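Take a look at the letters that make up each chain.
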Amino acid sequence: MMTTRPSRPGFMGVFNVITSGVLAIVWLWLPVSLLTGGFSSLFFGLGVLLLIAWVYVMRGAIWFERHRAQAVYGSELRVPAARRSRREGFVAWLHELWLTVSSGDFWRGVAYHHLTQLLGLLMLALLICGIAVGAACIVVFLNPSFDLVTQFGFDIGTAALGWALLGLGVILLPVALVLLWFSAYLDRWMALSMLGTTKAEELAKEVTSLDQARVGAVDAAAAERKRIERDLHDGAQPRLVALSMTLGLAKTKLDTEPERARELIEEAHSESKAVVSELRRLARGIHPAVLTDLGLDAALSAVAAHSRVPVDLQVDLTERPGREAESIAYFVVSEALTNINKHAGASTARVRIHAAGDPGDPDGAGGPVTGRRLVVSVSDDGIGGARIVRDGASTGLAGLQARALAARGTFTLTSPAGGPTTLVVEIPCES
C-alpha cells in the first residue's frame, strides 16, 4: 500500500520531466530497436534472443522508473510482488520469463517508461521552441531595420505588427513554462497509476490472502487436533490402560499374595512415571516451555539432538521474532525432522533459519527481524518424492502448509524423485 501521501511535484518534478526528455533522446532508441528488431527477425532465431534481451532491459527500466518516481514525488508505490516459479533449472527460467511477460504490471511499467519519455521530449521541444521564437520576436521588435522581406519573405513596417510580435515573444515562453509545470503533475499521476498495483488489485489480493489464511487456520486446527488424538491414542492412552490393569491386578493380590502385589505396585509406579513423561512430551509438542523461555535456537537444538538422522542446525537471528512466528517455525522444523526420520531414508538433514527483508526489498538482508519475514529451510539427502497428501489421515506436510497459510506465509516444497528434498517456509514476523 501507499504509506506516504505524494508531495507536489514542484521544481523537482519539472526537472524530472526535462530529464525524461533528455533520456528519450539518448536512450529510447535502444528498447525500440530491440523490440522492432526482435519481431522483424523472429523467424530467423535471432529475434527470440532480441526479444528476451528487450524483456530484461525493460525490467531494469521499470525498476529505475519506480525508484525515480519514489525519489522525486515522495511517495511509496504499491509495488506488486514478484511472481516466482516453483520449477527447476532451465524450465524454471522459461516459466519466470513467461510470468513476467504475462503480467499486467510489467506492461503498465513498459507503457509508463515510454509515455514519460515521450512527454518529456514534447515538453523539452516546446520549451526550446518557446525560448527560440520568443527571443527572435523580441530581436525583431527591438531592431525595426531588420529586413524581413529579404530574410523571411514578409515585411514588418507597421508599429501594430511590431507590438504584436513583441506580445507573441513575451507570451510564448511563459506558456511553455506553465505547460512544463503542469506536465509534472501529469507525470506523477501516470507514475502512481502505472508503476504500482491498482487499489482493486490490492483489494482482490488481500481478499484472496485472507481467504487462504482462513482456510489454512481451519486446516491447521484440524491437523493439530488429529495429531494430538494420534499421539494420545498411540502413546498415553494404552499406557494408562495398562497402568489401570496393573493396579487392578495388584488390588486382587493384596490379601493372598502381598509380595506379588508389591511388585505390581512398583511396576505401576514406574509406568506412571513413563506416562507422565509421555504427557510432558505431548505438551512440549504443542508449545514447549523452552521455546518461550530461551527461544528458537535452544528449543530446536533439543529437537535436533533427539533426531536419529544427524542434523546441521543454524539459527541466524539478531533478535527474537514474534511468538506466533517462533511457534510456527518450531512446529515446521520438528514435524519436518519427524518426517525425515520416518520416511526420507536420509543420512543427513540441514536446518537454516534467518530473517529476510521486506517483500519489496530485493536484497532481503540486514536490519532487525521486526516487520520482516522469518525464513525456515529444511533439507535432506534422502530419496525424495515427498508430496502433500490431503487424505484426512496424513497430517504431516499438509499440516505444515496449513499453518504457514494461516499465518499468511508461504510454503514451498521441492522433492524430485531421488532427492534431495527442500522445504522452505516464510512467515511474517508480525502477522
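Quick note: structure is the one above.
Residues numbered from 1 in each chain as written. Predicted model: local features only at pLDDT ≥ 70, side-chain atom pairs only at ≥ 80, totals over all residues. Heavy atoms only, no water.

Quick look at the pattern of salt bridges now. Here the structure, examined in full by the defined rule, presents five salt bridges. Of the charged contacts, one joins R68 and E65 as a salt bridge, the two residues approaching to 2.7 Å between their closest N and O atoms. Here R68 and its partner E65 are both found in helix α3 (residues 46–73), three residues apart, which amounts to about one turn of the helix. Accessibility classification places R68 together with E65 in one group, the buried group. Between E426 and R373 there is a salt bridge, with the nearest N and O atoms lying 2.3 Å from each other. Within this pair, whereas E426 is found in strand β5 (residues 421–428), its partner R373 is found in strand β3 (residues 373–380), the two being separated by 53 residues in sequence. The class of R373 is buried, set by a relative accessible area of 19%. (Salt bridge = Lys/Arg side-chain N within 4 Å of Asp/Glu carboxyl O. Helix = DSSP H or I, 4+ residues; strand = E, 2+ residues; numbered from the N terminus. Buried < 20%, exposed > 50% of the residue type's maximum accessible area, 1.4 Å probe, protein only.)

Among the structural elements, E326 can be located in helix α12 (residues 323–344). Among the polar contacts listed, one links the side chain of E326 to the side chain of R320, at a separation of 2.8 Å. Non-local contacts of E326, meaning those with residues more than four positions away in its chain, are made with L291, G295, L296, R320 and P321. (Polar contact = N/O pair within 3.5 Å; in protein donor to acceptor, adjacent residues only side chain to side chain. Contact = heavy atoms within 4.5 Å.)

Our next topic: the nonpolar core. Proteins that are soluble and globular tend to have nonpolar side chains buried together. Judged by nonpolar contacts, the single largest core of 33 residues is most densely connected at L296, V333, I340, I353, V376 and I427. Of all elements in the fold, only α11 (296–305), α12, β2 (349–356), β3, α13 (396–406) and β5 reach the threshold of two or more residues within this core. Sort the elements by how many residues they give to this core and α12 lands first, with 11 residues. In contact with V333, other than residues within four places in its own chain, are L300, V351, I353, V376 and V378. Of all hydrophobic cores here, the second largest spans 15 residues; its members include Y73, L127, M190 and A191. (Core = buried A, V, L, I, M, F, W, Y, C linked by side-chain atoms within 4.5 Å.)

Side-chain direction in a regular strand flips from residue to residue, so the side chains alternate between the two faces of the sheet. As paired elements, strand β4 (residues 410–414) and β5 share five bridges and run antiparallel to each other. Across the sheet, residue T414 finds its bridge partner in β5, namely T422. (Pairing = 2+ DSSP bridges.)

Our next topic: the pairing of β3. With eight of its eight residues buried, β3 lies for the most part within the structure. Here β3 shows no split at all, with R373, V375, S377 and S379 on one side and L374, V376, V378 and D380 on the other all buried. The pairing of β2 with β3 spans eight bridges and is antiparallel. The partner of V351 across the bridge, within β3, is V378. In terms of strand pairing, β3 meets β5 through eight bridges, oriented antiparallel. Of the residues in β5, the one forming a bridge with V378 is L423.

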